[in-house]
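So the chains spell out like this:
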Amino acid sequence: MLNWIEKRTGFISMAQEFLTEDVPGGASYWYVFGSATLFAMMVQIVTGIFLTFFYAPSAATAWESTRAIYLNPYTHFLLAVHYWGASAMIALVFLHLLQVLIFGAYKAPRELQWVVGVILLLVTLVLGLTGYLLPWDMDAYFASQVSLNIVGLAPIAGPVLQHIAQGGGSMGTATINRFFGLHVWLMPAVLVLLVGAHLAIFRHNGSAGPVVDDPRRLKPGRFWPDQFFMDGAFSLIVFIIICFLAFVAPPYLDEKANPTKFFVPYPAWYFLSLFGLLALVPPEIHFGPLVIGTELIATIVGPTIFLIVILLIPWIDRSRTRSFGARSGLLWSTAIVIGAIIALTAYGQITTMIKQAAAPASPPESAVLAAPAAAAEAAPAAGASGASPASAVTGPGASTFAANCATCHGAQGQGSPGAFPPLADNPVVTGDPTKVIGIVLNGLHEPVTVNGQSYNGQMPPWKGTLTNKEIADVITYIRGSLGNNKASAVTEAQVAGYKP
Ligand code: HEC
């Protein structure tokens, strides 16, 4: 059978030749980052293709289709794997680059392999950047606005480039389409072609092996089976970590992009250091009469110079051997740069968190995911009657209810079949007050049955979001004013003294 295939295709000998590649000095776990990056790329391609089955790129559908992806547990997991896969891929490209840098594996004849590798890092970052916009929620919108504005800062071509990437003077459907096209076609195509070139050059030169002065004395090694299994084992571990994170920490969907609202954007972690740099520099520097705008330096000039230096490392490092001693200057600079990047990342994180704490908080995700259906139902009703449904009963509890609970439980506490239990004519609500206090304080996530209908949703906790007084008032309201509910009031002291 194998013979039959081999005679007609030559695939078997091709595979054999591929697997018997030389690994000077033998297999090592130091070499696993490149193949793991390749593996992460494949995870991204597969999950990405399936996500396009569910995602609809336009201002009217991007967020809505993302929300639908979140609401189905399978597509939600798929998205979460794609999200963590992106982080894994970027982290692995960084580690791969760092390993090559430390081992001096970029030296002749591998200069072009290094250059292609650095371009691959850039392409990966562009993929991260363009993917960030696609959910079209508040964070996606405002973070992408920051990057588009940075593009616009570039000298001469900046404004034109921004106009092209944005698809007009402001962000909208055209922007989503541009980013979508870049994210699912152009950048992946470039990525795959460059990875092909990267690997072809790699095969042409062979692997660089460990850092020794005389490579001829190295014991010969082969890719198959040792290196193959090390690569495979590491990729498997990476995959397990991605799936684990996707399971326990899926990404968060914020409210739909709304340019009229104030929002503090949060960048992806790999751009935090640039955010930190931008936050660190003063807006302008004065040299006597000369005023220099630092924004341009921090966002474009600085990173461009940095990139050029990285690209030129094979020519900057002129040492004849790859030994660490001969390259101590380069290794020290690398350590300092990495330290600086980590410090800037921490600074970017802290400044963003401080700004976020001062801004209005985003709603809990369960409310975001539940909101549009309720809003769509409520809007025409309010428009038709002209009166707010809650106006029949007033009081502090009524307004707290209308503002916080009505989106899910309905304006009259009627609930929504299958999704949110009714609070009107619900014996749990009018029953033991302590139990109701517990549910509202701490949320609820277990199957409940109300009047024969079962529910198993996510009731958000309100401790911290609402004051004890507001919680007492809203419970008094739901127990005494919804439907035929006529149960006793709850006091602030009861809420404060709640014990499970
Ligand atoms: C994001 C949607 C959402 C919001 C907002 C919300 N709830 Fe709920 N609530 C739920 C869901 C879902 C359940 C059912 C939980 C379950 O099945 O485990 C629930 C259950 C309850 C229950 C228990 C009902 C029972 O029969 O056990 C009470 C009481 C309640 N909510 C009160 C409130 C109050 C008061 C507010 C406002 C402060 C509020 N809810 C806001 C989604 C919401």
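Procedures and definitions
- Residues numbered from 1 in each chain as written.
- Predicted model: local features only at pLDDT ≥ 70, side-chain atom pairs only at ≥ 80, totals over all residues.
- Helix = DSSP H or I, 4+ residues; strand = E, 2+ residues; numbered from the N terminus.
- Contact = placed C-beta atoms within 7 Å.
- Near = placed C-beta within 6 Å.
- Nonpolar A, V, L, I, M, F, W, Y, C, P; charged D, E, K, R; others polar.
- Core = buried A, V, L, I, M, F, W, Y, C linked by C-beta atoms within 7 Å.
- Buried ≥ 20, exposed ≤ 12 C-beta atoms within 10 Å, placed from the backbone.
- Axes fitted to C-alpha atoms, helices over the stretch in contact; angles between N-to-C directions.
- Parallel < 35°, antiparallel > 145°, perpendicular 65-115°, else oblique.
- Left-handed = near helix turned anticlockwise from the far one by under 90°.
- Domains from an automatic or database assignment.

**A short note on the overall build of the chain**
On a plain count of helices and strands, the chain comes out with 21 helices and four strands. The principal-axis extent of the C-alpha atoms belonging to the chain is close to 90 × 80 × 45 Å. Partitioning the intrachain contacts of the chain with sequence separation of at least 6 by distance along the chain shows that 73% fall at a separation of at least 24.

**Some words on the site of the ligand**
Within the structure, the ligand sits among 31 residues, and Cys405, Cys408, Val428, Gly457 and Met459 are positioned closest to it. Among the elements of the structure, helix H15 (365-385), helix H17 (406-409), helix H18 (427-430), helix H19 (433-442), strand S3 (448-450) and helix H20 (468-480) are those that each provide at least two residues to the shell around the ligand. The class makeup of the residues in the shell around the ligand is 21 nonpolar, nine polar and one charged.

**Points about the nonpolar core**
Ala40, Met89, Leu134, Trp136 and Ala140 are the most contacted members of the largest nonpolar core, which totals 61 residues. Only helix H3 (32-52), helix H4 (62-71), helix H5 (73-103), helix H6 (111-133), helix H7 (138-153), helix H9 (173-205) and helix H10 (223-248) provide two or more residues apiece to this core. The dominant element in this core, judged by the number of residues it contributes, is H5, at 14 residues. Residues within four places of Ala140 in sequence aside, it is in contact with Tyr132, Leu133, Leu134, Pro135 and Ala257. Residues Ala370, Leu466, Ile478 and Val495 belong to the second largest nonpolar core, which totals 22 residues.

**Examining the packing of H5 against H6**
At their nearest, the axes of H5 and H6 sit 10 Å apart, and the two run at 160° to each other. If you check the angle between H5 and H6, you find them roughly antiparallel. With respect to the hand of their crossing, H5 and H6 are arranged in left-handed fashion. Contact residues: Ala86, Met89, Ile90, Val93, Leu97 and Val100 in H5; Trp114, Gly117, Leu120, Leu121, Thr124, Gly128 and Gly131 in H6.

**Looking at the domain arrangement of the chain**
The domain architecture assigned to the chain consists of domain 1 (18-358) and domain 2 (366-496). Here the C-alpha centroids of domain 1 and domain 2 sit 45 Å apart.

**Considering unusual backbone geometry**
The linkage connecting Ala108 with the following residue, Pro109, adopts the cis geometry, with an omega of 5°. Of note, Pro109 is situated in the loop between H5 and H6. Residue Ile156 is not a glycine yet carries a positive backbone phi of 60°. Here Ile156 shows up in the loop between H7 and helix H8 (158-166). Of note in the backbone geometry, Asn451 takes a positive phi value of approximately 50° without being a glycine. Relative to the assigned elements, Asn451 resides in the loop between S3 and strand S4 (453-455).

**What to know about the environment of Leu2**
Among the structural elements, Leu2 can be located in helix H1 (residues 2-9). Distance from Leu2 to Ile12, taken between C-alpha atoms, is 7.3 Å for residues ten residues apart in sequence.

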